[in-house]
Protein chains: 2
Amino acid sequence: MRYSKMLLPTSKEVPAEAEVISHQLLLRGGFIRKLTAGVYSYLPLGLMALRKVTAIVREEMKRAGAQEILMPMVQPGDLWMESGRWQHYGPELLRFRDRNERECCLSPTQEEVATDLARRELLSYRQLPVNIYHIQTKYRDEMRPRFGLMRCREFIMKDAYSFDADDEGAARSYENMRVAYSRIFARLGLDYRMVEADSGSIGGSYSHEFMVLADAGEDTLVLCRDCSYAANVEKAMVAPVLASAAGVPLEELRKVATPGTKKVATVAEFLKVPPQQIIKTMIYQIERDGPEPREFVAALVRGDREVQTVKLKNLLGANEVNSLTEDQVWEFLRLPVGFIGPVNLPLRVVADSEVMAMVNAVAGANEKGFHYQGVNPERDFSVQVTGDLRQIAAGDRCPHCGGLLHFREGIEVGHIFKLGAKYSEAMNATFQDREGRQRPFIMGCYGIGVSRILAACIEQNHDRNGIIFPMPLAPVQVILLNLGLEDEALTSAAEELYQALLAAGVEVLFDDRDERPGAKFKDADLLGIPLRLTVGRTFKQEGLVELRERKSGETTLLPVDQVVAAVQARIRRELA
Amino acid sequence: MRYSKMLLPTSKEVPAEAEVISHQLLLRGGFIRKLTAGVYSYLPLGLMALRKVTAIVREEMKRAGAQEILMPMVQPGDLWMESGRWQHYGPELLRFRDRNERECCLSPTQEEVATDLARRELLSYRQLPVNIYHIQTKYRDEMRPRFGLMRCREFIMKDAYSFDADDEGAARSYENMRVAYSRIFARLGLDYRMVEADSGSIGGSYSHEFMVLADAGEDTLVLCRDCSYAANVEKAMVAPVLASAAGVPLEELRKVATPGTKKVATVAEFLKVPPQQIIKTMIYQIERDGPEPREFVAALVRGDREVQTVKLKNLLGANEVNSLTEDQVWEFLRLPVGFIGPVNLPLRVVADSEVMAMVNAVAGANEKGFHYQGVNPERDFSVQVTGDLRQIAAGDRCPHCGGLLHFREGIEVGHIFKLGAKYSEAMNATFQDREGRQRPFIMGCYGIGVSRILAACIEQNHDRNGIIFPMPLAPVQVILLNLGLEDEALTSAAEELYQALLAAGVEVLFDDRDERPGAKFKDADLLGIPLRLTVGRTFKQEGLVELRERKSGETTLLPVDQVVAAVQARIRRELA
């Protein structure tokens, strides 16, 4: 590949639209170009890097016994109605009618299509287990796509679906994929963690996410310093340490004026109580199935805690949980935000376990400028649902070993789900078991964000000069600079070296442009190619070619006839 | 690959929905499955065959200097409005609004996106020429998808776009692609023809199609027996041989009763004139740009000819030409089909050159049951447009050499277009030339129907037992049958041979199923794998493995230690 012939438009300027470093560097390095919000074209070098990802994914999926197929991106609405997701998926599912007025959607995932295929083709237990996957363009109509390839509307995903005869088989399939995913992310050279996760709109019984650790990550991970516990903050269980209230006499409920105290901190200060003594009451609108699909609920946590809405959603079996603005709460419910409390509240109340153990607490009086003191759960208000509702926080202990927890930001690049019979029961997807009975498949599904991996990799591997691709993910292994375009000896040496590298099977980008050396060095750093070879001054003076590692900055001068072998040795070492 | 572990559901039954043989065999062989009308999933073996196509396409595109990128499938309507195709493309362009109410469409081709990329990134003549391509899922909302992979709604296409500074450069780019395409189709092992073609909804100045010859083809090709002339029947020029009318006295126009003579043949019989003496008048509704986008026109051809609507469309510069039913002609125009003629007809008249040379002709009188005799063009009616309007027919001579023409059916698998400045001018896509002026790119575009090739290949290569894949397109090169699953010696020999083939890099499907020999032979034939190896009776008796060629049916018995070398030799020969 000759740089002079490539569509590889690099730029010094940081694009104004790009907030995170991977987005900036992917644009500056000419890897991608935006077509419209959340929709990108991959230019040649971007596509080469993507191909590195897909090649490793394919190898490991094959090793795990999964079979590659290709399912369509346009899907009939019928199937989604069968599974129930047509109703539940929300506006990220892009729906339209075709010219025959039939409901269709663009695939965000393929559970329905895969399940439909299984129910048609997998008739007997003797055909199981089966794991099918594909790598295909997906679409999710994100309201706010952002961060370049990190949150796109159109993106590339590897998604796999396993079909087993029973739970034990499904557990083996899940474990099989867990191992394959671990191998994939390790081979890609990424620093990642596998964490317990919420199943979200995919559903099913449990799931794990694979997170690349990076400050720009949109997810927060909870990691134990002492054991292997790791979870998404949305999911991380809290082991409540409840203060014993035995023997504390219950005070009587009394209303007190608390003018201008809308926040927990100001209430606490005004009433001279610690925030832990205050009940925080949050109003949400939830959506779910049933005769009254929309409902307002009040969620209670201790004043120093936050509601974790994913936990709320799961506790209530809701499809969606939406927070409301202050104006909406007033408009719909005539309740004054900042002074809301559970006493005499005409809404369903969901309380965190910690709240249930509070004694003589403070809570809003549902009247502007007033709170109650001496509030006691069960005596002063009733609670419909209790459980683990709060977000895990600094100071909380590991629910497994009691060890210290810490938090890291991460980018979700893989997600595996134990689906159970969720889809197979809804879609009547059955097989004949050993005894001749029809039974639903026990399923799992397994996703990898192929295009997002590129962004995650760069978030984790860059410096102020540009990208530092790990060898397995680099679009090419070597960039070769000819610094003497006007010098015949240099140019012919560089050309010979280029041909020798190609002949040895090395992936090489040959910078044969008519540009100053400074510009070539800058672009080489920006593009993040792991090994840089320079045919320049030292070659002219001493017949030596410079080999530089992008990551360490380490340089070596080599006689030209030793270059190919040295490069091959480094590549082998990095890919091992 | 072990057959027992594969999703490879073959079937003996011919599916009722499948009219053409490729559709039948692709379904019966478990290569594809229908999701909804015109939308298919590719099962493992189908995907492997597709990959063979894409690998060859990529190699040849690379050889031709084209750069692979990846453009999105969801496109903003804005760009299509800029090019004008938003208005013109018709209902095959699937349009929808995203959640932010912005107009979008699913990509049927990518001229707009490629042109947009070029105008942003190719600023100077020094960057030209550039040829970018991608292989991506496309969608065309066909009213009547049919014939399996031959006319899908969702399909896979390779599309390339070239950008040049001037016509000479564009001509070189076009020729470069013509050569690449010829190499691709030759390497795929297909019997194809390159023909002159109409540019259709892509537009531009001229185009060639690559047609795989097959009886089930939806296109008709005109081929000269004497020279290399080849064209799509839509486009094939007619060299009119006009009878000299010099000296024939013009008769006077007279109306005659012709009751019950709606067809040319019956009029001819009734009036005792040859069909060549009758003017056939057809009514069409055309759509085009301008203040009156819809118009009815009358198209005239000799009574023994047919109107070629693509020629009509091009002659009139229309976007669409629609024929009308008898009822519509009466409803809209009060004209009686069967008795329509150009005399006193209040419509724009387009006439084939042959009609202009007719003397004392017969034509409808626009009154049920009456025709005119003695009709003479220009004297009795005026004509707004004349030209080559008729469809070429048996007996016509080659427009190049006068040689005999013949007709063949073909399947369009590739189409290359000289676009000129159609898109670059509409979208203001310019570069700076050597003199510093802004000039529009001169473009070409080049498509290959990747998934359709699979269907075309099978239409051309099958027998009554199934597919006969040419080696380059075969999903795997060898199928190995173990006919003695209960016999340890046979099974271990088959297993060893399987491992030896894999180790030698041979692509092999190992039929290790617990099935009768007859079923295995039938499936091997159905799947069309070029080489079949059988470890069965002859191995038990004489230690010999049978090698059979699917195409010739020729069998050879080989000692087991010679099998790998023999297989490799055949593969090399077939891929050469």
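Since the model is a prediction, treat every value here as computed from it, not as a measurement. (Residues numbered from 1 in each chain as written. Chains lettered and ligands numbered in written order. Predicted model: local features only at pLDDT ≥ 70, side-chain atom pairs only at ≥ 80, totals over all residues. Heavy atoms only, no water.)

Student: Which residues make up the packing of aromatic side chains, and what values do they have?
Tutor: Tallied over the full model, the rule gives 27 aromatic pairs over all chains. Taking the centre distance of 5.5 Å and the plane angle of 20 degrees together, the rings of Phe 96 of chain A and Phe 96 of chain B count as stacked. In this pair, Phe 96 of chain A sits in strand β5 (residues 95–97) while Phe 96 of chain B sits in strand β5 (residues 95–97), so the two residues belong to two different chains. Using a relative accessible area of 5% as the deciding quantity, one classes Phe 96 of chain A as buried. Note on Trp 80 of chain B and Tyr 89 of chain B: the rings are 5.8 Å apart at their centroids and 75 degrees apart in plane angle, and the pair reads as edge-to-face. Overall, Trp 80 of chain B belongs to the buried group, its relative accessible area being 0%. (Phe/Tyr/Trp six-rings, centres within 6.5 Å; stacked < 30°, edge-to-face > 60°. Helix = DSSP H or I, 4+ residues; strand = E, 2+ residues; numbered from the N terminus. Buried < 20%, exposed > 50% of the residue type's maximum accessible area, 1.4 Å probe, protein only.)

Student: Explain the relation of the copies chain A and chain B to me, using residue names and the numbers behind them.
Tutor: Each copy superposes on the other: chain A lies on chain B with an RMSD of 0.2 Å after a rotation of 179 degrees and an axial shift of 0.1 Å. Taken together, these values place the two copies in the relation of a two-fold axis. It is Phe 96 of chain A whose C-alpha, among those of chain A, lies nearest the rotation axis, at 3.2 Å. Taken together, the interface assignments show that 100% of the residues at the interface of chain A recur at the interface of chain B, consistent with an identical surface on both copies. (Least-squares fit on C-alpha atoms with pLDDT ≥ 70 in both. Contact = heavy atoms within 4.5 Å.)

Student: Let's hear about the interface of chain A and chain B: which residues, and what values?
Tutor: Counting from both sides, the interface comprises 51 residues of chain A and, opposite them, 51 residues of chain B. Between chain A and chain B, roughly 4,500 Å² of surface is buried when both sides are summed, and carbon and sulfur atoms account for 60% of that area. At the junction of chain A and chain B, the tally comes to 6 salt bridges. Taking the shortest distance from any N to any O, the salt bridge between Glu 121 of chain A and Arg 33 of chain B comes out at 2.5 Å. In this assembly, chain A and chain B are joined by 18 residue pairs in polar contact (both at pLDDT 80 or more). Mapped by element, the contributors of at least two residues to the side of chain A that touches chain B are β1 (32–36), β2 (39–42), α2 (44–63), β3 (67–68), β4 (74–76), α5 (111–121), β7 (130–139) and β8 (154–164) of chain A. Across the side of chain A that touches chain B, the residue classes break down as 29 nonpolar, 7 polar and 15 charged. (Buried area = accessible area lost by both parts, 1.4 Å probe. Salt bridge = Lys/Arg side-chain N within 4 Å of Asp/Glu carboxyl O. Polar contact = N/O pair within 3.5 Å; in protein donor to acceptor, adjacent residues only side chain to side chain. Nonpolar A, V, L, I, M, F, W, Y, C, P; charged D, E, K, R; others polar.)

Student: Requested: an account of the domain arrangement of chain A, with residues and values cited.
Tutor: Frequently, the measure chosen for interface size is the accessible area that the parts lose on association. Domain annotation of chain A identifies domain 1 (15–211 + 418–459), domain 2 (254–387) and domain 3 (476–575). For domain 2 of chain A versus domain 3 of chain A, the distance between C-alpha centres works out to 65 Å. (Domains from an automatic or database assignment.)

Student: Account for helix α6 (residues 167–187) of chain A, naming residues and giving values.
Tutor: Residue and element names in this part refer to chain A. Here α6 is 21 residues long and its end C-alpha atoms lie 30 Å apart, about the 30 Å a rise of 1.5 Å per residue gives. Inspection of α6 places Gly 169, Ala 170, Ser 173, Tyr 174, Met 177, Ala 180, Tyr 181, Ser 182, Ile 184 and Phe 185 among the buried residues, and these make up the whole buried set. After α6 finishes, the residue Gly 189 shows a positive phi value of roughly 80 degrees. (Expected span 1.5 Å × (residues − 1).)

Student: How would you summarise the pattern of salt bridges if you had to cite specific residues and measurements?
Tutor: Should the charged atoms of two oppositely charged side chains come close, the side chains can pair. All names here are of chain B. Summed over all chains, the structure comprises 112 salt bridges over all chains. The partner of Glu 251 in a salt bridge is Arg 254, with the nearest N and O atoms 3.2 Å apart. What makes Glu 251 partly exposed here is its relative accessible area of 36%. Across the pair Arg 532 and Glu 546 runs a salt bridge whose closest N-O atoms are separated by 3.0 Å. Linking Arg 532 in strand β29 (residues 531–535) with Glu 546 in strand β30 (residues 544–549), this pair joins segments that are 14 residues apart in sequence. Judged by relative accessible area, Arg 532 falls into the buried class, the value being 9%.

Student: Please give an account of the sheet that holds β29 of chain B that cites residues and values.
Tutor: All names here are of chain B. Across the sheet, 5 strands lie side by side as β28-β27-β29-β30-β31; this open sheet has mixed pairing. Two strands in the sheet have a free side with no partner beyond their single neighbour: β28 (508–511) and β31 (555–559). Across the sheet, the mean angle separating the axes of adjacent strands is 20 degrees when strand polarity is ignored. Sheet analysis places β29 next to β30, joined by 4 bridges and oriented antiparallel. The residue bridging Arg 532 from the neighbouring strand is Arg 548, located in β30. Helix α16 (residues 563–575) rests against β27 (478–482), β29, β30 and β31 of the sheet, and its axis sits at about 10 degrees to β30. (Pairing = 2+ DSSP bridges. Axes fitted to C-alpha atoms, helices over the stretch in contact; angles between N-to-C directions.)

Student: Now, about the environment of Thr 258 of chain A: what can you tell me, with residues and values included?
Tutor: Residues and elements named next belong to chain A. Examined against the element boundaries, Thr 258 turns out to sit in the loop between β13 (254–257) and α7 (264–271). We classify Thr 258 as buried; its relative accessible area is 0%. It is 60 Å that separates the C-alpha atoms of Thr 258 and His 134, two residues lying 124 residues apart in sequence. Beyond its immediate sequence surroundings of up to four residues, Thr 258 is in contact with Phe 270, Leu 271, Phe 339, Gly 369, Phe 370 and His 371.

Student: Could you give an account of the environment of Ser 182 of chain B, naming the residues involved and the relevant values?
Tutor: Residue and element names in this part refer to chain B. Among the structural elements, Ser 182 can be located in helix α6 (residues 167–187). Remark: the alpha-carbon pair of Ser 182 and Ser 353, spanning 171 residues in sequence, is separated by 35 Å. If we ignore the near neighbours within four places in the chain, the residues touching Ser 182 are Tyr 192 and Phe 210.

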